[in-house]
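# Remarks on the overall topology
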Amino acid sequence: MKCFKEAVVNRRSVYALGKNIPVLESEVIAAVERMTKEAPSPFNIQSARVVIAMNEHHENVWNIVEDTLKNIVSVAQFKETEKKMQGFKNAYGTILFFEDNATVEMTQGKFPQYAMNFPTWAAQANGMLQFAIWTQLEAMGLGVNIQHYNPLIDDRIRECFKTPEGWSLVAQMVFGEMLEPAAPIVKIPVNERVKIFA
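Residues numbered from 1 in each chain as written. Predicted model: local features only at pLDDT ≥ 70, side-chain atom pairs only at ≥ 80, totals over all residues. Heavy atoms only, no water.

### A closer look at the packing of aromatic side chains
Which entries qualify depends on this criterion: Centre distance within 6.5 Å is the pairing criterion for rings of Phe, Tyr and Trp, where only the six-membered ring of Trp is used; planes under 30 degrees apart are then read as stacked, over 60 as edge-to-face, and the remainder as tilted. Numbering of helices and strands runs from the N terminus, with a helix taken as a DSSP run of H or I at least four residues long and a strand as a DSSP run of E at least two residues long. Burial here depends on accessible area, computed with a 1.4 Å probe over protein chains only, as a share of the maximum for the residue type. Under 20% is buried, over 50% is exposed, and the range in between is partly exposed.
All told, the structure shown has 11 aromatic pairs when counted by the stated rule. Relative to F118, the ring of F43 has its centre 5.1 Å away and its plane inclined at 70 degrees; by these criteria the two rings are edge-to-face. Taken as a pair, F43 in the loop between α2 (25-38) and β2 (48-54) and F118 in helix α6 (residues 118-139) lie far apart in primary sequence, 75 residues in all. Assessed through its relative accessible area of 41%, F43 is described here as partly exposed. Their ring planes at 50 degrees and their centres at 6.0 Å tell us that Y114 and W121 sit as a pair that is tilted.

In structure tokens form, the structure reads like this:
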């Protein structure tokens with residue numbers, strides 16, 4: 001298992017994915033459950049919700065996205081969209097991230113002086129959970145990328161996975177066998193982003 005720093009440095013968007021993953025399915029499930037349990041949240045709100053879709057359930061996610069985009073994307077551009085969707089389908093699974101609005105609203109009621117901040121804080125906590133799971137899966141030797149086709153697909157995803165009405169879809173995390181490493185990216189110099197007063 002890689003150290004935390006190495007896992008964070010190596011975490012990248014990997015798009016060339018396959019189904020022959022180097023770990024057991026049960027290990028993926030255990031990792032997602034562990035990170036969901038341990039990731040921090042404001043006032044211990046724990047409003048993030050996760051669905052792990054594998055096998056035909058994983059393919060259903062990307063069939064829904066493809067069908068939805070078919071009605072939006074021009075015929076000329078759809079070939080590229082279709083190719084992209086097939087790339088996602090070729091992966092092993094998809095993790096769907098949601099926010100449970102009822103939990104957020106309940107916490108707003110308990111702490112009215114901070115009520116306006118809870119949606120933002122909950123979104124930040126969901127982002128931390130996504131990062132924790134993404135980094136953990138990378139450390140296990142999996143390739144991962146994250147997509148955001150919500151709100152276009154929200155209703156059909158809710159129907160497909162029978163999620164409660166109050167769950168809002170936030171992100172779709174694709175994972176699988178890493179067939180090719182992530183492409184290099186340009187990083188802004190860190191001294192433009194971090195200011196130090198010591």
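After presenting the structure, the write-up continues.
### A few points about helix α5 (residues 101-110)
Residue pairs three or four apart in sequence face the same way in an α-helix, which turns once every 3.6 residues. Selection rule: Each C-beta atom gives one direction from the helix axis, and the arc is the one those directions make. By the convention used here, residues are in contact when the closest approach between their heavy atoms is within 4.5 Å.
Every buried residue of α5 is listed here: T103, V104 and T107. Each buried residue of α5 lies within a common arc of 100 degrees when the element is viewed along its axis, so the set occupies one face. Relative to its buried face, α5 has exposed residues pointing more than 90 degrees away, namely E105 and G109. Looking at the buried positions of α5, the neighbouring elements they touch are β2, β3 (93-100) and α6.

### Some points on the nonpolar core
Counted only if it meets this: Residues belong to a common nonpolar core when they are buried Ala, Val, Leu, Ile, Met, Phe, Trp, Tyr or Cys residues joined through side-chain atoms within 4.5 Å.
In terms of nonpolar packing, the biggest core is built from 24 residues, with V28, I95, I133, L137, M173 and F175 touching the most fellow members. Secondary structure elements with two or more residues in this core: α2, β2, β3, α6, β4 (142-147) and β5 (167-178). Sorting elements by how many residues they give to this core places α6 first, with five residues. Non-local contacts of V28, meaning those with residues more than four positions away in its chain, are made with I21, V23, L137, M140, L142 and F175. Core analysis: the second largest hydrophobic core is formed by 21 residues, I64, V65, F88 and W167 among them.

### Some thoughts on the packing of helix α3 (residues 56-70) against helix α7 (residues 154-161)
Condition: Only C-alpha atoms enter the line fits that serve as axes; for helices the fit covers just the stretch in contact. Angles between N-to-C directions range over 0 to 180 degrees. Throughout this description, any angle smaller than 35 degrees is read as roughly parallel, any larger than 145 degrees as roughly antiparallel, any in the 65 to 115 degree range as roughly perpendicular, and the remainder as oblique. Rotating anticlockwise by less than a right angle from the far helix to the near helix defines a left-handed crossing, while the corresponding clockwise rotation defines a right-handed one. Residues are grouped as follows: Ala, Val, Leu, Ile, Met, Phe, Trp, Tyr, Cys and Pro are nonpolar; Asp, Glu, Lys and Arg are charged; every other residue, Gly included, is polar.
Where α3 contacts α7, the two axes come as close as 10 Å, and the packing angle between them is 155 degrees. In terms of orientation, α3 lies roughly antiparallel with respect to α7. The interaxial crossing formed by α3 with α7 has right-handed handedness. The segment α3 lies against α7, with H57, N60, V61, I64, D67 and T68 engaging R156, I157, C160 and F161. Each residue belonging to the contact of α3 with α7 can be placed in one class, and the counts come to five nonpolar, three polar and two charged.

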